[in-house]
Amino acid sequence: MSLLKIDRLNTGYGDIQVLFDLSIEVHQGEVLSIIGANGVGKTTLLKTLSGLMPASSGTVYFKDQEIQGLPPEKIVGLGIIQIPEGRRLFSLMSVLENLEMGAYTPKARARKDERLKEVYQIFPRLEERKNQLAGTLSGGEQQMVAIGRGLMAGPEMLMLDEPSMGLSPVLREETFRVVKKIAETGVTIMLIEQDVKHSLSISDRAYVMERGEVVMEGTGAELLVNPHIRKAYLGI
Amino acid sequence: MSGTALLYTDWLDEMEIIFESLLNGLLMGSIYGLTAVGLTLIFGVLKVINFAHGSILMVGMYAAYWCITLTGMNPYLAIPIVVPLMFYFGYFMQQFVIEPVFKVEKDVREPITVIIVTTGVWYILDNLALMIFGAKYRVVHTSVTGKLFELPGDIYLLQPKVYGFILTFISGLLLFWFLKTTLMGKAIRATSLDRDAASLMGVNQYKIYRTAFGIGTAVTGLAGCVLVPFYSVYPSVGIIFDIRAFIIVVLGGLGSIPGAILGGIIVGIIESVGAMYMPSTWTELVIYGLFLLLLFIKPTGLFGSKHDF
Amino acid sequence: MKILRPMLVPVIALTMALGTLGVAQAASKTVKIGNIIPLSGPSASVGIQGKNAREMAVQEINDAGGIKALGGAKLEMLYADSKSDPTAGVSAAEQMINSDKVALLTGCWNSAVTYPTTQVAERYGIPFVVPVSVRDTITERGFKNVFRIAAKDSWWTRDQFAFLKDMEKEFGTKIKTVAFVYENGDWGTGFAAGWKKLAKAAGYKVVLDEPYPSTASDLTPVVLKIKRAKPDVLFLTSNASDAILLTNTLANMKVHLKAIIGSGGGHADPTFLKAVGKNADGIFDIVEWETDLNKPGVKEANAKFNKLYGYNLAGEAVDAYASTYLIKEALEKAASTDPQKIRQALANIKLCSGPGAIFSYECIDFDKDGQNKNAALVVVQIHNDNGTMKRFSVWPKAARHAGYTPTFPMANK
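Just so we're clear, the structure is a prediction, and the values are computed from it rather than from any experiment.

Brief notes about the side chain of B:Ser171
All names here are of chain B. Examined against the element boundaries, Ser171 turns out to sit in helix α5 (residues 159-181). Taking relative accessible area as the criterion, Ser171 reaches 11% and is therefore assigned buried. Leave out the neighbours within four places in its chain, and Ser171 touches Leu34 and Leu222.

A look at the pattern of salt bridges
Side chains bearing opposite charge may pair, as long as their charged atoms lie close to each other. In total, this model carries 40 salt bridges over all chains according to the counting rule given. We note a salt bridge from C:Arg123 to C:Glu94, for which the minimum N-O separation is 3.1 Å. In this pair, C:Arg123 is assigned in helix α4 (residues 111-124) and C:Glu94 in helix α3 (residues 86-98), connecting sequence segments 29 residues apart. For C:Glu94, a relative accessible area of 23% puts it in the partly exposed group. In this structure, the salt-bridge partner of C:Glu210 is C:Lys225, at a minimum N-O distance of 2.9 Å. Of this pair, C:Glu210 sits in strand β7 (residues 205-212) while C:Lys225 sits in helix α7 (residues 220-229); the two residues are 15 residues apart in sequence, bridging distant segments of the chain. The same class applies to C:Glu210 as to C:Lys225, namely buried. One network of salt bridges, with partners in common, ties together A:Glu30, A:Arg205 and A:Glu217.

Re the sheet that holds strand β4 (residues 57-62) of chain A
Residue and element names in this part refer to chain A. Read across the open sheet, the four strands follow the order β2-β1-β4-β5; overall the sheet is antiparallel. The outermost strands of the open sheet, each flanked by one partner alone, are β2 (16-27) and β5 (65-66). Inspection of the sheet shows β4 paired to β5 by two bridges, in the antiparallel sense. Within β5, the position partnered with Tyr61 by the bridge is Glu66.

Brief notes about helix α3 (residues 95-102) of chain A
Burial within α3(A) is extensive, with eight of its eight residues counted as buried. Of all the residues in α3(A), the buried ones are A:Val95, A:Leu96, A:Glu97, A:Asn98, A:Leu99, A:Glu100, A:Met101 and A:Gly102. Taken together, the buried residues of α3(A) touch α5 (112-122), α6 (124-128) and α7 (139-151) of chain A together with α5 and α6 (183-193) of chain B.

Some remarks on the environment of A:Gln143
All names here are of chain A. If you trace the backbone, Gln143 turns up in helix α7. For Gln143, a relative accessible area of 4% translates into the label buried. Along the sequence, Gln143 and Ser201 sit 58 residues apart, while their C-alpha atoms lie 21 Å from each other. Excluding residues within four positions of it along the chain, Gln143 makes contact with Arg87, Pro163, Ser164, Leu167 and Thr175.

Digging into the packing of aromatic side chains
Inspection of every chain in the model, using the stated rule, returns 40 aromatic pairs over all chains. Taken together, a centroid distance of 6.1 Å and an interplanar angle of 25° make the contact between B:Tyr8 and B:Trp11 stacked. With B:Tyr8 and B:Trp11 both in helix α1 (residues 2-46) and three residues apart, the pair spans about one turn of that helix. The exposure class of B:Trp11 is partly exposed, given its relative accessible area of 47%. The rings of C:Trp109, C:Trp156, C:Phe161, C:Phe180, C:Tyr182, C:Trp187, C:Phe191, C:Trp195, C:Tyr204 and C:Phe235 are connected pair by pair, giving a single aromatic cluster.

Points about the state of the cysteines
Residue and element names in this part refer to chain C. As enumerated under the stated definition, the model contains one disulfide over all chains in all. Here Cys352 connects covalently by a disulfide to Cys363, the sulfurs 2.1 Å from one another. Disulfide Cys352-Cys363: the torsion about the S-S bond is 110°, which places it as right-handed. Remark: Cys363 occurs in the loop between β11 (350-351) and β12 (364-365) and Cys352 occurs in the loop between β11 and β12; sequence separation between them is eleven residues.

Some details on the interface of chain C and chain B
Contacts between chain C and chain B engage 34 residues on the former and 39 residues on the latter. Summing both partners gives a buried area of about 2,800 Å² for chain C against chain B, and 59% of it is carried by carbon and sulfur. Taken together, chain C and chain B are joined by three salt bridges. Between B:Lys161 and C:Asp218 there is a salt bridge, and its shortest N-O distance comes to 3.1 Å. Only α2 (44-63), β7, α7, α8 (240-252) and α9 (270-276) of chain C provide two or more residues apiece to the side of chain C that touches chain B.

Some thoughts on the confidence of the model for chain B
All names here are of chain B. Confidence along chain B averages 90 in pLDDT terms, with 95% of residues attaining 70 or more. Within chain B, the lowest mean pLDDT, 87, falls on helix α11 (residues 280-297), and the highest, 96, falls on helix α8 (residues 205-227). Here the complex is predicted with pTM 0.80, and the ipTM for its interfaces comes to 0.90.

A look at unusual backbone geometry
Trans is the common state for peptide bonds, and a negative phi is the common state for residues other than glycine. Here the bond from C:Trp395 into C:Pro396 is cis, since omega is 0°, no more than 30 degrees from zero. Backbone torsion omega between C:Phe408 and C:Pro409 reads 0°, so that peptide bond is classified as cis. With respect to the helices and strands, C:Pro409 occurs in the segment after β14 (388-395). Although it is not a glycine, A:Arg211 sits at a positive phi angle of roughly 50°. By secondary structure assignment, the location of A:Arg211 is in the loop between β9 (205-210) and β10 (213-219).

Some points on the interface of chain A and chain B
Accessible area lost during the coming together of the parts is what is often quoted as the interface size. With 20 residues of chain A at the interface, the matching set in chain B holds 20 residues. With both chains or domains summed, chain A and chain B bury close to 2,100 Å², and 65% of this area falls on carbon and sulfur atoms. Across the pair A:Glu97 and B:Arg189 runs a salt bridge whose closest N-O atoms are separated by 2.6 Å. At the junction of chain A and chain B, the tally comes to five residue pairs in polar contact (both at pLDDT 80 or more).

Comments concerning the nonpolar core
The biggest cluster of nonpolar side chains holds 130 residues, and the ones touching the most others in it are A:Phe90, A:Met101, B:Leu46, B:Tyr231, C:Val181, C:Ile226 and C:Leu234. Apart from the residues within four sequence positions on either side, A:Phe90 is in contact with A:Asn98, A:Met101, A:Ala134, A:Arg149, B:Ala190, B:Leu193, B:Asp194, B:Ala197, B:Ala198 and B:Met201. Formed by 78 residues, the second largest nonpolar core is a distinct cluster that contains C:Phe305, C:Ala320, C:Tyr325 and C:Phe366.

Rules used in this analysis
- The numbers attached to residues start from 1 for each chain and follow its sequence in the written order.
- Starting at A for chains and at 1 for ligands, labels are handed out in the order in which the entities are written.
- Per-residue local features of the predicted model are confined to residues with pLDDT of at least 70, and side-chain atom pairs are confined, for both listing and counting, to 80 or more; whole-chain, interface and lining totals are unaffected and use all residues.
- Just so you know, side-chain values use all the structure's heavy atoms and leave hydrogens and water out.
- Numbering of helices and strands runs from the N terminus, with a helix taken as a DSSP run of H or I at least four residues long and a strand as a DSSP run of E at least two residues long.
- Relative accessible area decides the class of each residue, using a 1.4 Å probe on protein chains only: under 20% of the type maximum gives buried, over 50% gives exposed, and in between gives partly exposed.
- We call two residues in contact whenever any of their non-hydrogen atoms come within 4.5 Å of each other.
- Put simply, a salt bridge is a Lys or Arg side-chain nitrogen that is within 4 Å of an Asp or Glu carboxyl oxygen.
- Pairing between two strands requires that DSSP report at least two bridges joining them.
- Pairing of aromatic side chains requires ring centres within 6.5 Å, counting the rings of Phe and Tyr and the six-membered ring of Trp. Pairs whose planes differ by under 30 degrees are stacked, by over 60 edge-to-face, and all others tilted.
- Whenever a pair of cysteine sulfur atoms sits within 2.5 Å, that pair is classed as a disulfide.
- The term buried area means the drop in 1.4 Å probe accessible area that two parts suffer when joined, counted for both and summed.
- Note: pLDDT gives the predictor's confidence per residue, expressed from 0 to 100.
- Counted as a polar contact is a pair of N or O atoms within 3.5 Å, where, for protein atoms, one must be capable of donating a hydrogen and the other of accepting one, and residues adjacent in sequence contribute only when both atoms are in side chains.
- Residues grouped as a nonpolar core are buried Ala, Val, Leu, Ile, Met, Phe, Trp, Tyr and Cys residues, joined through side-chain atoms within 4.5 Å.

Right, dumping it as C-alpha cells:
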C-alpha cells in the first residue's frame, strides 16, 4: 500500500530550480533508499516534504491526503518525522532535553515516558549521559541522540538524511543495523544516503536521483548488482 | 595627634563616598541590566536587532505613569497591569508588523528588512508619543519617590532603586525557571539554538517568535515600571537607555539573560565609581573602551556562545 | 516632433511669464520666514515654546492687517526641526533659502546649531534674527546679516558672579568655595570657561569642575561628587531633564549648600518647576525675563500665552515673540522683501514699544556687529509661596519683586 506518493514535484531556491517533475512512491512498512551524488536535490526533497520550504508545483499525498504546502508542525503531527542532515541537535540542551523536544507535539507528549524507555533500550548509552549537554558528545553519541529524538515522536514514516555521515566504519555499520531494527517495528523508512552499498543492502526498494530527477528505480538487490550503479556509485 | 585623626576621618569620608557610589552603581546597573534583558531575549530567539527597543521602554514608562497618575496606586501594583499589557503589545507587534516581513525573508539568516521595520516602529512610536503627550517632562510622585534607605556612615540609597534591584533578580530567576522547566520555555530555547530543527520537532516557529517578543516587551515594561518612581517620562527617554542596552547586550553575550544582568551591573559600577575619579563625561568613554576591548578578546561577550551568531 | 518645435518658444515664454506672475502674486500675499528650531530631541520642550510664541505673534500681526507697507501681506512661518543637530540646521537653511525662498530666517536655540546655520545665511545675504543663542562668537564674526536679541553668554556669567558678590554683601555671608557642574555641550562648556575666569578674579576656590552628558541616565555619581567636594555655592548649567534629575537627586541625597545658581535653560523651563516641586526651594536662576516683571503688556501677554498653551512665557519664548514683532517692524521700514533692504532696516531699528516690547529692558537696539546692546538679565529665586512654587525676581535690586526678601544662604531641610 502506498504511504507516501510524490507526484511530479518541482521546487527550488528563487530562480534556481532543483527538483524537476520528481515522482516517488513509498510503500507502507518498507525501507526505501534514495541515492545520488552531492547536490542532486535529496536534502531539498526532504525539506519540501517536511514543510520547511514550499513546492512550486506538484502534489504530495500521504495516505491519500494532500500534504504539500502544510506547515512543518502539521507534517510532524501526521507522523512524518525527519532526522536532518548533520544531526542538528540542540547543542546547549541536555540529551534528555533533546529527546523531550522530540516528543513536543501533544500526541507525542502523551506517550513520552514509554517512548523514552524504548529509546534508552535501543541506546543505553544515552541514559548514562542523559544530563550531559548534547554539544559535548562524540559524533556517534550525537547520532544516537538524533535518531532517538526522531523516535520520540512516534513516527509513521521516518526520513533520515545521511545518518552515517562523518562516522567511523564501525559506527556506520551500527547505524544501518539500528535503522533496520527500527524498520522491523513497522516504521516506514526513507533513507537518503551516500553510502550506497550499506543503504541498498538494507533497503526493499530504491530510487536513484541525478540532477533533480529520478533516473532509476528498483529493489535493493536489483540495484546492488546493476552495472551502472556499480560503476558510478560503488566504484567497481 | 589631631593631624592624623583629621587624615583618618578624611579617608573614612572618602571611603564612605566611594562605597556609596559602588552601591549606587550596583543598584542602577541592575536596572540597566533589566532594560537590556528584553533586547537580548529577542535577539537570541528571533535573531533580530530590535531598534524599537528604546521606544518600547518609553511606552512601558508611559503606561506605568498613566496607571499611577490616574488611580494614585502604589507604583509596584501597576506591574501586574502594565506587564501583561506590554506582553500583548509585543505579541501583536510581532504578529502584525514584523511577521509579515519575516515570512517574505524566510530563508535569510538575519533579515535586514526586519531591522528596517523595527527602526520604522521606533520613529513612529517616538513621534506618536510626542504628538499625543507633548514634549513635557512628566514626573509622578509615588509613595516611594524620593524616599531613602539610610545606612550608617551617611550613606543614602534611593528606595525605588533598591526595589528595582530586587525586581531585576526576581524576574531574572523567574525567566530562568520558565526557560528551563516549562514546555514553552524549552521550545523557545530550542528555537534560538536551531530554528529549523525545532520546526522538525513540530514547534510552530511563528508562535514562538510572538511569545518570545511578547516576553521581551513584558520585561521591558517591567523596567519601565521600575524607572517611573524616580525618572522623568518624556517621548525621547528611550534613546538614553537604548544605547546602554545595546552595549550591555553585546557585553553580556547576545541572547544571554544572565549576561545582560551582569553586563548591566558592570556598566553601572563603572559609570558610578568611575565618575568619582574622572569627569563623568569620561566614564562613557571608559565604557565604550571596555566594550571594544571585550569584543577583541571574546567577541561573543561574557556569556555568549560561539554556536549561533 | 516637427509640429512641436515652433511651438516651443512661445510655450516656454508663457510658462515663464506665468511663473513670475505666480511669484509676484505670492510676494504680495505673504512674506515667508524660515524658523529653524529644535522640535524633537533633547531641546524639544524649549523649541516648541519658541514656536508657540512665534505663532501667537504672527496671529496677532496678521489679524491686525499684516505688513501695511507691503499691501497687507501676511507673515507666513515655515518651520524646520533642527533636532539640535548642526548638520540638520545647515541643510534646513540651505533648503529654506534656495527652495522656499524665505525673506528672513530665525533660530536655532542651540548655539551649536545657530553658529554654522547663520554662516549659511551670511553667505547668501539673507538676514537672520537670533532670538536666543548665547555663544559670544555668534555676533563676533564681523557678519552683516546676523542680529541677536539675547545677551551674550559672557554677560550671563558676568551677572551671575555680580549677583553673588552683591548677596555676600547684603547678607554678610562669606563665600569661599564654588563648584561648577554643567552639561558638556557648547552652552555648558562656554559658561564654565567664563565661570573659571570670574572665580579666579573674585578669589573663590574651585573645588569641583564637572562636565556631564545631558543625556546621562543616572546623575547620582555627579551628586556624590558634589557631596564630596562640599562647596559653598554650586553653579549649574543644565537642560530640562538633567535639571530635574539633578535637583531631585540633590534633595534626595540631602546635599546641603549655601546657594545653587542655575543658568536658565532647563531651570527656566516651566516643566522643571512642575516636576521637582518643593525640591527646588531656594534655588537661584538667571534669566532674561520673568513673569513678575513690572512692565506694561507683560501681564496681558503672559495671560494670553498661558491660556493658549497651558504654561507661562519664559525668556526664550519672550525673545521669540519679540523677534517676530521686530521682523514686522523691519519689513514695515524696508517696505520690501529684498534681503538687503530688510537687513538695512534691522541694523537701524530701535524697538521700544508695541505688543512685542515685553522684554525686561527698554529697547532692542543692535550695535555694528548685530548684537542687541541693551540685552539685560535678571536673577530670580524659586520660593515656596503658600504651597505653590514661584519664581521671584531678586536682582538687580532695582528689579526685585516688591516685598520679597531673598533667602541667602539657602535653608537646609
